[in-house]
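This is what each chain is made of:
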Amino acid sequence: MEGRWLAAIARPSLGSFVEERNWQVEREYSNIRYLSMAIATDLTCKLVRSWEEISNEEILESHNIIYDSPDPTFRQPVNLDDLPLRDPQTQRENNIYDEEGRRIPRFHGICSRNTKPCGVLINLETITELFSTSTPDDDDMALDPDIILDDDVRTPVVNVYPQAFLRKYGHIQCNTVLPHFAPFMSKIRNSVSRSSRSQNRDLFDDQPADDDDDPDEFDRFPNGSLPTVLFASGSQFYNEISHRIRPSADLHDVQQGRITSALSGAYSRGHGQTTHRIVMRECSLNLPHQRYDNKIKVDDVPRALRLENVYIVQLDSLKRHKRNGADVVVPLASSWSHPTIFQALRPHLFVLTSDAFPQIYQWTTYPITSLLERIWDHFYPLIQKGVRPTPQVIELCSVLERALAYAHTGNTRVIATSLMRPLWLVQSLLEHGLPTFSPSVRFAAAPSIPVAISPADWPTLTSMKVPAIASKRSQILTYGNDHFEAYKAEFHIQLSVNQLSSNAFLGYPSNLRHAIIIALVALQAYIADVKTLVTKAVTVACSDMEVEDGGDGVVHAAVRRKGLRKWLATANPLGYADKGYEHLVSCVHSKSMDHHEGLPNPTNVKLSVHEFARLICNMSRETNPAPVAAPLISGGCSMPVFRVALAHMRKYAPNDSPTHAEKFLHDAFIVAANHLHINNVPWHRPAGPRGRRSRKPVFDSWVNLGKALDLQAIKRNHTQAGNAAAEASQRAQATDSRAAWSADTITLQSLPDYILRSRLPDEFSLDSIDLADSASSGEKEPSPREIYEWVFANFDIRKPLHQIALIAGIYLSRIIPDIFWATSDKPKAYTVTDSVALTNAIRALPWKPNASGRRGCKLPQQFIAMVPSYILAVYDETSPLRKYSDTRTLKNFPKSWNSKNSAKGIGPLLLVRLGLLRAMSGRIWKGGPPFQEWKLLSDEAVAAKHREIRVCLADRQYGPFRLAVMFFGVEKAVSLGRTSQTYTINPAIASIKANKRVLKDDSDSDEVEIVEVPMAKRARFT
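Residues numbered from 1 in each chain as written. Predicted model: local features only at pLDDT ≥ 70, side-chain atom pairs only at ≥ 80, totals over all residues. Heavy atoms only, no water.

Asker: I'd like to hear about the packing of aromatic side chains, residue by residue, with values.
Answerer: Taken as a whole, this structure holds 26 aromatic pairs when the rule is applied. Three or more aromatic residues link up through ring pairs in this structure, and these residues are Phe 131, Phe 181, Phe 237 and Trp 336. Sitting over the ring of Tyr 67, Arg 75 keeps its end group 4.2 Å from the ring centre. Between the NZ or CZ atom of Arg 913 and the centre of the ring of Trp 847, over which it lies, the distance is 3.8 Å. (Phe/Tyr/Trp six-rings, centres within 6.5 Å; stacked < 30°, edge-to-face > 60°. Lys NZ or Arg CZ within 6 Å of the ring centre and 35° of its normal.)

Asker: Can you explain a negative patch on the surface? Please cite residues and give values.
Answerer: Together, Glu 52, Glu 57, Glu 58, Glu 61, Asp 81 and Asp 82 line one region of the surface with negative charge. Among the elements that make up the negative patch, the one with the highest residue count is helix H2 (residues 56-62) (3 residues). Looking at the secondary structure, you find Glu 57 in helix H2. With a relative accessible area of 53%, Glu 57 lands in the exposed category. (Patch = residues over 30% accessible without salt bridge, like charges linked within 9 Å, V, L, I, M, F, W, Y side chains within 5 Å. Areas by Shrake-Rupley, 256 points an atom, 1.4 Å probe, with all protein chains shown as cover. Salt bridge = Lys/Arg side-chain N within 4 Å of Asp/Glu carboxyl O. Lys, Arg positive; Asp, Glu negative; His and termini not counted. Charge placed at Lys NZ, Arg CZ, Asp CG, Glu CD. Helix = DSSP H or I, 4+ residues; strand = E, 2+ residues; numbered from the N terminus. Buried < 20%, exposed > 50% of the residue type's maximum accessible area, 1.4 Å probe, protein only.)

Asker: Go over helix H23 (residues 638-649) with me, naming the residues and quoting the values.
Answerer: Between the first and last C-alpha of H23 there are 16 Å, a value that for 12 residues agrees with the 16 Å anticipated at 1.5 Å per step. Taken across its 12 residues, H23 has 10 buried, putting it largely inside the fold. Within H23 the residues assigned to the buried category are Ser 638, Met 639, Pro 640, Val 641, Phe 642, Val 644, Ala 645, Leu 646, His 648 and Met 649. Close packing links the buried residues of H23 with helix H18 (481-498), helix H19 (510-548), helix H22 (609-620) and helix H24 (658-675). (Expected span 1.5 Å × (residues − 1). Contact = heavy atoms within 4.5 Å.)

Asker: Quick one: what's the story with the environment of Asn 123, residue by residue and with numbers?
Answerer: Structurally, Asn 123 can be placed in strand S7 (residues 119-123). Along the sequence, Asn 123 and Arg 167 sit 44 residues apart, while their C-alpha atoms lie 9.5 Å from each other. Excluding residues that lie within four positions of it along the chain, Asn 123 makes contacts with Lys 168, Tyr 169 and His 348. Polar side-chain contacts of Asn 123 include one of 3.0 Å to the backbone nitrogen of Glu 125. (Polar contact = N/O pair within 3.5 Å; in protein donor to acceptor, adjacent residues only side chain to side chain.)

Asker: With reference to specific residues and values, describe the environment of Ser 701.
Answerer: Topologically, Ser 701 is positioned in strand S16 (residues 698-704). The class for Ser 701 is buried, based on a relative accessible area of 0%. Along the sequence, Ser 701 and Pro 686 sit 15 residues apart, while their C-alpha atoms lie 8.8 Å from each other. Look past the residues within four positions of Ser 701 in its chain and what remains in contact with it is Pro 600, Pro 602, Thr 603, Val 681, Pro 682, Trp 683, His 684 and Arg 685.

Asker: How would you sum up the pairing of strand S10 (residues 230-239)? Please name residues and give values.
Answerer: Burial analysis of S10 places 9 of its 10 residues in the buried class, which makes it a mostly covered element. With 9 bridges connecting them, S10 and strand S11 (residues 305-314) associate as antiparallel partners. Residue pairing across strands places Phe 237 opposite Leu 307, the latter belonging to S11. (Pairing = 2+ DSSP bridges.)

Asker: With reference to specific residues and values, describe the environment of Lys 848.
Answerer: Along the chain, the position of Lys 848 falls in the loop between helix H29 (835-843) and helix H30 (860-875). On the accessibility criterion, Lys 848 (30% relative accessible area) is partly exposed. In the structure, Lys 848 is positioned 26 residues away from Ala 822 in sequence and 6.9 Å away in space, judged by C-alpha atoms. Once you skip the residues sitting within four places of it in the chain, Lys 848 turns out to touch Pro 817, Asp 818, Ile 819, Phe 820, Trp 821, Ala 822 and Asp 825. Of the polar contacts made by the side chain of Lys 848, one reaches the side chain of Asp 825; its length is 2.9 Å.

Asker: Provide a residue-level description of the pattern of salt bridges, including the pertinent values.
Answerer: For the coordinates displayed, the defined rule picks out 19 salt bridges. Here Asp 825 makes a salt bridge to Lys 848, at a shortest N to O gap of 2.9 Å. With Asp 825 in the loop between helix H28 (800-813) and H29 and Lys 848 in the loop between H29 and H30, the pair connects residues that are 23 residues apart, well separated along the chain. Note on Asp 825: relative accessible area 25%, which makes it partly exposed. Residue Asp 955 is joined to Arg 962 by a salt bridge in which the shortest nitrogen-to-oxygen separation is 3.7 Å. Salt bridges sharing partners connect three or more residues here, namely Asp 42, Glu 240 and Arg 306.

Asker: An account of the nonpolar core is requested, with residue identities and associated values reported.
Answerer: Of all hydrophobic cores here, the largest spans 77 residues; its most connected members are Ile 810, Tyr 811, Leu 812, Ile 842, Ile 871, Ile 924 and Phe 968. Sorting elements by how many residues they give to this core places H30 first, with 11 residues. Not counting the four nearest positions on each side in its chain, Ile 871 is found in contact with Leu 801, Ala 805, Ala 808, Leu 911 and Leu 916. Listed in part, the 72 residues of the second largest apolar core include Ile 493, Leu 500, Trp 567 and Ala 630. (Core = buried A, V, L, I, M, F, W, Y, C linked by side-chain atoms within 4.5 Å.)

Asker: Outline unusual backbone geometry, listing residues and values.
Answerer: Following Ala 630, the chain continues into Pro 631 via a peptide bond in cis, with omega recorded as 10 degrees. Along the chain, the position of Pro 631 falls in the loop between H22 and H23. The residue after Ile 816, namely Pro 817, is reached through a cis peptide bond having omega 10 degrees. Looking at the element boundaries, Pro 817 is found in the loop between H28 and H29. If you check the backbone angles, Trp 424 has positive phi at about 80 degrees while not being a glycine. In this structure, Trp 424 sits in the loop between helix H15 (417-420) and helix H16 (425-432). The phi dihedral of Lys 579 is positive, around 60 degrees, even though this residue is not glycine.

Remember, this is a structural readout, not a statement about activity or role.
In structure tokens form, the structure reads like this:
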């Protein structure tokens, strides 16, 4: 292994003189305060075939005196004839050194003619120790104590850049140089530094010393002190192949996301389509990683380790006759070859053979590059036919390209944490080295899509389903910000519509609900634009005030900036909630005395929210749009979002007439604007005396959108226009006792109108249960199908237990998947002393979803059929389940029956929680033998529960809520009421609580009593 340093040699020529003259003309060197320079050396490693001895005579011709050590304190002159070439015991070379402490080689390494250099990287786990080590104890190389106290002495901060997913090996950058360079820098400082004012005096007459220094120059510095003449700015160690594969740091082939740009270009419009064709053609010739492969195929690819130090020279502190390379640059460059530097660095090097480097990049990234090739091969022909890849595929492609860029650069800035962290890539790359994906990402073989993820599993940033995105930079650099905002809106709308919450905008027709959700996406982008508009303008205005108005301006500017910060932090910045209006007024007015006037409206224009919605639609439509003007912002991100949103909203609009369609769009924007509290919007300035009136919105002109809306009128409008026939059908079904009905579509509030009909709900049938794998495990063991068929054949809604079972199934279907319990909520064994306490503890468990996220617990129709069937099969002695259990000694239920129901959380513990069984021992937590660890309610208890249910059904207003309390407890009942349009709190009742009656041990009753507790009104203080 050998170290060599590089230096540029300047040869005088006519061109150099001309260039020097031009530099003197163009620049005034007397005004240059400092310069920075990078001094680098290459460290090359080759495999040596043999070693050739250098004769003593040849060594003595170049060196007058030779030492046995580089340390001046201990070294001794040696006679080469008396010093053997190798140590007899270790067979290692006996090193010799010159007067400056540099090693003198005694052997020449002989390499084969075609030997390629090895690749050299840094050991990232140990290199930080090298930067914190102390310098050698050398009197001649001692640090100047004054220099140590300078500001340039700082704590080393080493940034590591792992290469090729190796995690422990790669490149580094540091904010200083190795401490081993300190003695060399100290010598140079002592040699070239000018004296300070106090030192620049003659010892006899106190006059300036006879030097080339100008005393007047000291006046520019406090106390006549000069800055440090030379100090280190930083250092970096990297493999030289980086210069071969990229012309600059940001132009690496695999770092630009070209495949992502090619896929996302399918969403481009106008001029962006021309750019898309160029990118597609570029990728069709060679993908980015394939272009990298071509660059490293050549034989002369560089593999040396580049070691680079960056220094800063303060010219004011440099002696005039020392302002040359010989006194500063040459000593710094030659210091790289000193033994103290190389010997300290050597243990921290990681060497790869020429066959492994740089091919190791291809080996470790092969899974990623092969998947990128499959994605490209799959989608290239589809894009050519006009098919657009889904945003999920584009983002996953971007994630793969970012992981590939990390392998080549080791820079964590290429990692999009908001998306890559939920997909497990951040932790896997940084902690383990290799990329790992979460189970939500699916990989498939051809001809399927190579990589995919369900929209329901896509990481989002807020409750409004804003998608996490990794392709932003690639798209903006290639197609511009408008393209990216439109693409992001497409993605956001897709997620919002596909994952529409069942509680979002209840009461509106389904098509209008979807349109409102889309309008929300667009209006949120508009609010962001308004924030940007106000922030930029207020910031500029405050800066101007501070410059022009002095102290008063600074004070008022601080008030405006504070108001701006508070306004930006509000949830609804264009409304009145959370003092949003107050903070907006305080930051837009240039004078605090104008705050009482509210938001400025110099045009005196009045605008209704209907007109606001109409302006949005007119300026955003696809054909013949109106010119963009206030209140919309032409240069903002919201305009492309409005265009995309409007196109999606039209898919849900009625197609019977254009007028109805436009009104539909207007109403969607109106409801969305009301939801986001958009009460004030920016407006343009009033027309001047001359010239064309500006229609551009500004921060100091606003209009109010008028009074609050009658949203109920909009609901009635669309119900009458789009769902009149459906409402008529529902009314007819409600009055016809023989009409079919669905328990999943009616409200719990209307359940009393349906539950006692002779016609059972549509969901209560064998078709609602998946019985594909329900065969019995033994000849005498009844199959689940046989048990279910018996229940449906013998069901009688007139029987009390049958009514209870069906109502319990319907209610339970409304809270799924929250039918499980958390282990942490399980009571301690010592807290439950008897069966009554155990039953009460089980009933008090909070209702939660399954922690394992088990599938199959989200289909209401299955629970409406399976829960009543389980209850009746357990209670009725003539059922196949009871016949089988009663004839067995252990009285166990069939395994197939237990497996079928327990997978959905249906079992004895669930019936105890519903108040339909009594727990007898702690084995109930795992099921336990039937009728031993739990018991059925007595006939009297069932009759009493049925009477309570009939009372609840008779109370049309609060009865459905009381039923929910009976089954689930108050907390879950209130939660269910909020999501199911059920009355929960009687205005005459201040509190409702569920009381457990204290029962005797032999009692079979386990009733829940709803007790109305009147609360005293709190005194009001003024």
